Amino acid sequence: MRYNYCMGTLSIVSTPIGNLADITIRAIKTLFSVDIIACEDTRRTGMLLQELKKRYGSIALHSNILSTQKLVRFDDRQEQSQTPLLIEYLQQGKNVALVSDAGTPLISDPGYKLVSEALKRGIQVVSIPGPTAAIAALTSSGLPTNQFLFLGYPPEKEKHRFDLFQSLLTMKPSNHPTIIFYCAPHKLHQILTDMQTVMGDIPIVIARELTKVHEEVWRGKSSEALQKFENPQGEFVILLSINSV
Ligand code: SAM
């Protein structure tokens, strides 16, 4: 791929999933130096920038890069309509950073279409890596890490969920990665109940509120999880290893 260096660069910038101190120096420098920041929620990202300026503004000042960024809304609904606008900015030579509300953009968050459209046009895309809940959960789960399968949120439709859980059980024994799901708190009971129906009362790991004050990595059977998280609150990642089923 040959990049056109007259165009701007699209930086995919990871931001903290709960603990602001997890921001990287490179993320700070990028956010303070780009022309445009595309974000899911301009208010939330505006507050993040204010806090970063307060705490780490000296990093930007020393690098002489404290510019004024324009925030452009880029959420699930607007990804389709805003992509051409952001591509236009990049083609005009403006540098654009993409952030999501938390963690790594494109990971169960918008951005795939923008990245693929940018690459088609020879625009340079760089990733500024950082926190992502799936990896934080995996590495603290105690489950095998040599292979893992991140499946995002389980399907909305019951039949699709059942089919997916069934297909995990029938994977070849040589191909048993640790499975990682994201889960909204109000869906936790339904997902655990469906898992139990299809897979039995299997051992699972639930990582909750990672990097936050009430961080918890819980291990037990799905039936126990239903009792333990009777009133689920916060953000959840569910992990399981088919080897232990
Ligand atoms: N892009 C993000 C990332 O890199 O992890 C994920 C965004 S997705 C819309 C939000 C989901 O990620 C939540 O519903 C939850 O499953 C998971 N998540 C995000 N932050 C978390 C945290 N601090 N602890 C546990 N899970 C978290």
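A few points on the structure. Model, not experiment: these values are computed from the prediction.

1. So, the packing of helix H6 (residues 158-169) against helix H7 (residues 188-199)
With their axes 9 Å apart at the nearest point, H6 and H7 run at an angle of 50 degrees to one another. With respect to their mutual orientation, H6 and H7 come out oblique. The two elements H6 and H7 meet at a crossing, and its hand is right-handed. Within the contact between the two elements, H6 uses Arg161, Phe162, Phe165, Gln166, Leu168 and Leu169 and H7 uses Gln190, Ile191, Asp194, Met195, Thr197, Val198 and Met199. Looking at the contact of H6 with H7 residue by residue, the classes come out as eight nonpolar, three polar and two charged.

2. A short note on the nonpolar core
Of all hydrophobic cores here, the largest spans 23 residues; its most connected members are Leu192, Met195, Met199 and Ile206. Counting residues per element, this core draws most heavily on H7, at six residues. Excluding residues that lie within four positions of it along the chain, methionine 195 makes contacts with Phe165, Phe181, Gly200, Ile238 and Leu240. Grouped together as the second largest cluster of nonpolar side chains are 18 residues, Val72, Leu86, Leu114 and Val125 included.

3. A closer look at the sheet that holds strand S9 (residues 216-221)
Within the open sheet, the five strands sit side by side as S6-S7-S10-S8-S9. Their pairing is mixed. Across the chains shown, the open sheet's two edge strands, defined by having one partner strand only, are strand S6 (148-150) and S9. Strand-to-strand twist of the sheet, defined as the mean angle between neighbouring strand axes without regard to direction, takes the value 20 degrees. Where H7 meets the sheet, its contacts fall on strand S7 (178-183), strand S8 (203-208) and strand S10 (236-241), and the angle it forms with S10 comes to roughly 10 degrees.

4. As for the packing of aromatic side chains
Going through the model one piece at a time under the given rule, you end up with five aromatic pairs. An angle of 80 degrees between the planes, with centres 5.7 Å apart, marks the rings of phenylalanine 165 and phenylalanine 181 as edge-to-face. Here phenylalanine 165 is found in helix H6, whereas its partner phenylalanine 181 is found in strand S7, with 16 residues between them in sequence. Looking at phenylalanine 165, the relative accessible area reads 0%, which means it is buried. For phenylalanine 181, a relative accessible area of 0% puts it in the buried group. Ring plane angle 80 degrees and centroid distance 5.8 Å describe the contact between tryptophan 218 and phenylalanine 229, whose orientation is recorded as edge-to-face.

5. What about the side chain of threonine 104?
Structurally, threonine 104 is set in the loop between strand S4 (96-98) and helix H4 (112-120). Among the polar contacts made by the side chain of threonine 104, one reaches the side chain of serine 14 at a distance of 2.8 Å. Beyond its immediate sequence surroundings of up to four residues, threonine 104 is in contact with Ser14, Asp109, Gly130, Pro131 and Thr132.

6. Looking at the side chain of glutamine 82
Along the chain, the position of glutamine 82 falls in helix H3 (residues 79-91). Reaching out from glutamine 82, the side chain makes a polar contact with the backbone oxygen of arginine 73 at a distance of 3.0 Å. Apart from residues no more than four positions distant in its own chain, glutamine 82 is found in contact with Val72, Arg73 and Phe74.

7. A few points about the sheet that holds strand S5 (residues 124-128)
Taken in spatial order, the five strands line up as S3-S2-S4-S1-S5 in an open sheet, and their pairing is parallel. Each end of this open sheet is capped by a strand with a single partner; those strands are strand S3 (70-73) and S5. Going across the sheet, the axis of each strand differs from the next one's by a mean of 25 degrees, ignoring polarity. Summarising the sheet, strand S1 (residues 9-13) and S5 pair through five bridges and their orientation is parallel.

Procedures and definitions
- Residues numbered from 1 in each chain as written.
- Predicted model: local features only at pLDDT ≥ 70, side-chain atom pairs only at ≥ 80, totals over all residues.
- Heavy atoms only, no water.
- Axes fitted to C-alpha atoms, helices over the stretch in contact; angles between N-to-C directions.
- Helix = DSSP H or I, 4+ residues; strand = E, 2+ residues; numbered from the N terminus.
- Parallel < 35°, antiparallel > 145°, perpendicular 65-115°, else oblique.
- Left-handed = near helix turned anticlockwise from the far one by under 90°.
- Contact = heavy atoms within 4.5 Å.
- Nonpolar A, V, L, I, M, F, W, Y, C, P; charged D, E, K, R; others polar.
- Core = buried A, V, L, I, M, F, W, Y, C linked by side-chain atoms within 4.5 Å.
- Buried < 20%, exposed > 50% of the residue type's maximum accessible area, 1.4 Å probe, protein only.
- Pairing = 2+ DSSP bridges.
- Phe/Tyr/Trp six-rings, centres within 6.5 Å; stacked < 30°, edge-to-face > 60°.
- Polar contact = N/O pair within 3.5 Å; in protein donor to acceptor, adjacent residues only side chain to side chain.

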